[in-house]
Amino acid sequence: MSAVLIVVALTLVAIGAAAVVFTPEPARQAVTLSVFGILLTLLFFVLQAPDVALSQLVVGTALVPLMVMLTVHKINRRHR
Amino acid sequence: MSRRARLLVFGLGAAGLAVMFAFAVAGMPPFGTSEHLYRDLAVPAALQHRTANVVSSVNFDQRALDTLGEEVILLSSVIGTAALLRPTRGEVRRPTTRGGHVSDSTTLVSYLLLPVTVLIGLDVVAHGHLTPGGGFQGGVVLATAVHLLYLAGRYESLERLRPLTWYVWTEGLSAASFAVIGLVGLAQGSGFLANVAPLGSFQSLLSAGTVPILNVVTGAAVAGGGVVLLAQFFGQAIGTTRPPTRRSTS
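Residues numbered from 1 in each chain as written. Chains lettered and ligands numbered in written order. Predicted model: local features only at pLDDT ≥ 70, side-chain atom pairs only at ≥ 80, totals over all residues.

A.B. asks: So what about the interface of chain B and chain A? Which residues, and what values?
C.D. replies: Facing the 15 residues of chain B at the interface are 14 residues of chain A. For the side of chain B that touches chain A, the secondary structure elements donating two or more residues are α6 (135–146) and α10 (210–239) of chain B. No other element matches the six residues that α10 of chain B contributes to the side of chain B that touches chain A. Along the lines of polarity and charge, the residues of the side of chain B that touches chain A split into nine nonpolar, six polar and no charged. (Contact = placed C-beta atoms within 7 Å. Helix = DSSP H or I, 4+ residues; strand = E, 2+ residues; numbered from the N terminus. Nonpolar A, V, L, I, M, F, W, Y, C, P; charged D, E, K, R; others polar.)

A.B. asks: Explain helix α1 (residues 3–26) of chain B residue by residue, including any values.
C.D. replies: Taking 1.5 Å as the rise per residue, α1 of chain B with 24 residues should run 34 Å; its terminal C-alpha atoms sit 34 Å apart, in good agreement. Counting buried positions along α1 of chain B yields zero of 24 residues, so the element is predominantly exposed. (Expected span 1.5 Å × (residues − 1). Buried ≥ 20, exposed ≤ 12 C-beta atoms within 10 Å, placed from the backbone.)

A.B. asks: A description of unusual backbone geometry should follow, citing residues and the corresponding values.
C.D. replies: Residues and elements named next belong to chain B. Positive phi values are uncommon outside glycine, yet R50 reaches one of about 50°. C-beta crowding within 10 Å serves as the criterion here: with 20 such atoms nearby, R50 is assigned to the buried category. The phi dihedral of A208 falls on the positive side, at around 70°, and the residue is not glycine. By secondary structure assignment, the location of A208 is in the loop between α9 (164–187) and α10. A tally of 30 C-beta atoms within 10 Å means that A208 is categorised as buried.

A.B. asks: Outline the UniProt feature "domain: MrpA C-terminal/MbhD" (unreviewed entry) in chain A, listing residues and values.
C.D. replies: Residues given the UniProt feature "domain: MrpA C-terminal/MbhD" (unreviewed entry) here are residues 12–77 of chain A. Counted over residues 12–77 of chain A, helix gives 89% and strand 0%. Its end C-alpha atoms are 35 Å apart. (UniProt positions renumbered as here; feature names shortened; annotations may be inferred.)

A.B. asks: I'd like to hear about the UniProt feature "transmembrane region" (unreviewed entry) in chain A, residue by residue, with values.
C.D. replies: Residues and elements named next belong to chain A. When the UniProt feature table is mapped onto this chain numbering, "transmembrane region" (unreviewed entry) sits at residues 6–23, 30–47 and 53–72. Span residues 6–23 is 89% helix and 0% strand, its end C-alpha atoms 26 Å apart. Annotation note: span residues 30–47, helix share 94%, strand share 0%, distance between end C-alpha atoms 26 Å.

If you want it as structure tokens, here you go:
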């Protein structure tokens, strides 16, 4: 059962990572990155690492995408 | 360097990495078995110091020095970001505008979630030695919670309700306290960052000696650092502007 869960979580992470790479625009990429963060959280949780899962959840789904969004916003405004 | 030479350098590096990676993978213990050398040492050591969350025991007791190093890394990266993203010459503070519409439902949800998120952050910090979580995770939750004020309304209201100096001092003093707590252990003759506080009873809120104290200190440092870090990005993205008449020379 747990092996099935791990395989499912790993597959989801691979799909999510590919989605981030193939998202063309950085502003949209921040959103897919956030979804990828949740999938990684799921993988860590399935692998019985709840402490790491919590770290991944707060950093990967909130902090980093927010910083990417703000950076993209600044760059777009300067080039307009 | 020509394209050919670069490809050659990359090829050599990649081949070396592939060989070493293959050796490393071949030498690893099998995945998902019950055999785990580090666990057999870490779990008894954690129980001996009456720490229910073994991961916290590793982070804040057995390998507390590593966590101090991580704290210094966080502090330096916040300082580096603040130095890089400071307003440069030619950039001025943007006048407060009433632009941007926020729907009432977003405002309501943000205001409702703000106290809940702060409570969750404090809870994760306070119970770090008992349940998954701890100073780092709770600190980031607290830092992001403050920014629900931005979602709820305008950037100016976030700026007004977020006296940045407080967070700057919180981060600096908390990171320093971590080292001072380490020195207490040294002064008592047990060693730097040794667990010298009373251990209490297993699984109670006041247990595990210095682990919860270091968790609270780390939580404050990470929350302060996170707010200061995000403030630099917000300041650049929203708070400052370059007058359109001046051309950038760089």
